[in-house]
Amino acid sequence: MTHRVLIAAELKNLLRPSQLADLDITWLAADQPTPKGDWVAIVPLLSRWVGGTELKHLPNLRIVANVAVGYNNIDLVAAEMRNVLVTNTPGVLTEATADLTWALILATARHLIEGVDLVRRGQWTGWHPEQLLGLELRGRTLGLLGAGRIGQAVGRRALPFGLRILYAARTAKPDFERETGATRVDATRLLAETDIVSLHVPSTPETKGIINGETLARMKPGAILINTSRGDLVREEALAMALELGHLGAAGLDVYTDEPTIHPRLLAAPRTVLLPHIGSATEETRHKMAAIAVANVQAVLSGKPPLTPVYS
Ligand code: NAP
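The structure reproduced in this document is the subject of the present report. Computed from a predicted structure; not experimentally measured.

1. Some thoughts on the overall build of the protein chain
Turning to step 1, where the next piece is worked out: Broken down by element type, the protein chain carries eleven helices and twelve strands.
Turning to step 2, where the next piece is worked out: In terms of overall size, the protein chain behaves like a compact globule, its C-alpha atoms giving a radius of gyration of 21 Å where 312 residues would be expected to give roughly 20 Å.
Turning to step 3, where the next piece is worked out: With the C-alpha coordinates of the protein chain rotated into their principal frame, the extents come out at 70 × 45 × 35 Å.
Turning to step 4, where the next piece is worked out: For the protein chain, with 312 residues in total, the buried portion stands at 48%.
Turning to step 5, where the next piece is worked out: Sequence-distant contacts in the protein chain: of pairs separated by 6 or more residues, those separated by 24 or more amount to 58%.

In structure tokens, the structure reads:
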């Protein structure tokens, strides 16, 4: 028996025919609205909103298999009310995203983009003792706002750099503390005491806008903000102002509130490294993300429990 499923067209090259057995697939292009019809599963990218209206238009839907660990593009309440399962792709993108977080930490701390620009523009006039002086990491403090899979992986990578680690999370992480010497503090103390603040909480009603004019003012002068989690954690105009005024040392961002649009003031702000949401963009990880999403669909359609449910 074949099942009618909707799958994001961008995943075509990442999936093998054997993974798609028994599926009657409608490939859904990014610019195509979610259709109405009798599909039983949808595999969307994080750029597709799946809310009450979309779910109403898909009355036979049994599963939304998101191709991301974050699932803020799905109305969970609406899905649960309609008995539609929701799954994500946890774990497989942890290392790739932690690597990219470190790329941003090093790029911002050592003015990598300014250096590249200087060389490319032909304006480098030679070694100068005070040129592009950055932040020495040894002895400094890294603050992890959120210390789940990715936050902890970022923390573990900090050890060889000699950084002290503070973290804020809803629950204590004794193994992580033992392994890294990290100390759990509340978010207020974390912002006030760290040289590099890295965001790893998901986007939820409680965390949206957690970095705003008020919390930015509480950060150490010259501190660096890194965000590889979700754009709407940060009020982009307030961040741009903190950079313009020189209060913040730098910002390294992979995610934005209204992707792919970036607030014009943030785009023009000084000392930023702005990436196009490539946290999980490695060959291996993207294959694994697509594979898990489709494996969740296959499990549910064959009457088994989903592999990585968002709620039970
Ligand atoms: P995770 O394992 O669920 O970790 C989330 C962490 O945030 C946990 O420590 C959790 O605390 C904490 N947290 C949640 N709500 C909080 C709150 N209100 N206040 C304080 N702490 C809170 O998730 P993950 O796998 O590390 O992924 C984190 C996020 O990264 C995802 O949600 C996703 O949005 C983003 N992401 C982005 C990319 C990219 O391409 N840039 C790639 C992958 C993931 P507890 O541990 O106490 O529950």
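2. Focus: helix H3 (residues 94-109)
Turning to step 1, where the next piece is worked out: Taking 1.5 Å per residue as the helical rise, H3 with its 16 residues ought to reach 22 Å, and the 22 Å between its terminal C-alpha atoms agrees with that figure.
Turning to step 2, where the next piece is worked out: Among the 16 residues that make up H3, twelve are buried, leaving the element largely enclosed by the rest of the structure.
Turning to step 3, where the next piece is worked out: Among the residues of H3, those classed as buried are Thr94, Ala96, Thr97, Ala98, Leu100, Thr101, Trp102, Leu104, Ile105, Ala107, Thr108 and Ala109.
Turning to step 4, where the next piece is worked out: Positioned one or two residues after H3, His111 has a phi angle of 50°, which is positive.

3. Let's talk about the pairing of strand S7 (residues 164-168)
Turning to step 1, where the next piece is worked out: The buried fraction of S7 is high, at four of five residues.
Turning to step 2, where the next piece is worked out: For strand S6 (residues 141-145) and S7, the ladder comprises five bridges, and the chain directions are parallel. Along S7, the bridge assignment pairs Gly143 with Leu166.
Turning to step 3, where the next piece is worked out: The β-α-β motif built from S6, the intervening helix H5 (residues 149-157) and the parallel element S7 has right-handed crossover chirality.
Turning to step 4, where the next piece is worked out: Pairing geometry for S7 and strand S8 (residues 183-184), over two bridges, is parallel. Bridging from a neighbouring strand, Tyr167 pairs with Arg184 of S8.

4. Quick word on the packing of aromatic side chains
Centre distance and the angle of the planes are the two values used to describe a pair of aromatic rings.
Turning to step 1, where the next piece is worked out: Counted under the stated rule, the structure contains two aromatic pairs.
Turning to step 2, where the next piece is worked out: Seen in terms of ring centroids, Trp102 and Phe161 are 4.6 Å apart; in terms of plane orientation they differ by 10°. Their pairing is stacked. Remark: Phe161 occurs in the loop between H5 and S7 and Trp102 occurs in helix H3; sequence separation between them is 59 residues.
Turning to step 3, where the next piece is worked out: On the numbers, 5.7 Å between centres and 75° between planes, the contact of Tyr167 with Phe176 is edge-to-face.

5. Let's talk about the side chain of Thr228
Turning to step 1, where the next piece is worked out: Mapped onto the fold, Thr228 is located in the loop between strand S10 (224-227) and helix H9 (236-244).
Turning to step 2, where the next piece is worked out: Separated by 3.0 Å, the side chains of Thr228 and Thr101 make a polar contact.

6. Focus: the sheet that holds strand S1 (residues 3-8)
Turning to step 1, where the next piece is worked out: Across the sheet, which stays open at both edges, the five strands sit in the order S2-S1-S3-S4-S5 with parallel pairing between neighbours. On the outer flanks of this sheet lie strand S2 (23-28) and strand S5 (85-87), each paired with one strand and no other. Averaged over all pairs of adjacent strands, the angle between strand axes in this sheet comes to 15°, irrespective of strand direction.
Turning to step 2, where the next piece is worked out: Strand direction decides the pairing type here: S1 and strand S3 (residues 41-43), joined by three bridges, are parallel. Bridged to Leu6 within S3 is Ile42.

What counts as what
Residues numbered from 1 in each chain as written. Predicted model: local features only at pLDDT ≥ 70, side-chain atom pairs only at ≥ 80, totals over all residues. Heavy atoms only, no water. Helix = DSSP H or I, 4+ residues; strand = E, 2+ residues; numbered from the N terminus. Rg over C-alpha atoms; globule rule 2.2 N^0.38 Å. Buried < 20%, exposed > 50% of the residue type's maximum accessible area, 1.4 Å probe, protein only. Contact = heavy atoms within 4.5 Å. Expected span 1.5 Å × (residues − 1). Pairing = 2+ DSSP bridges. Right-handed = clockwise from strand over helix to strand, strands pointing away. Phe/Tyr/Trp six-rings, centres within 6.5 Å; stacked < 30°, edge-to-face > 60°. Polar contact = N/O pair within 3.5 Å; in protein donor to acceptor, adjacent residues only side chain to side chain. Axes fitted to C-alpha atoms, helices over the stretch in contact; angles between N-to-C directions.

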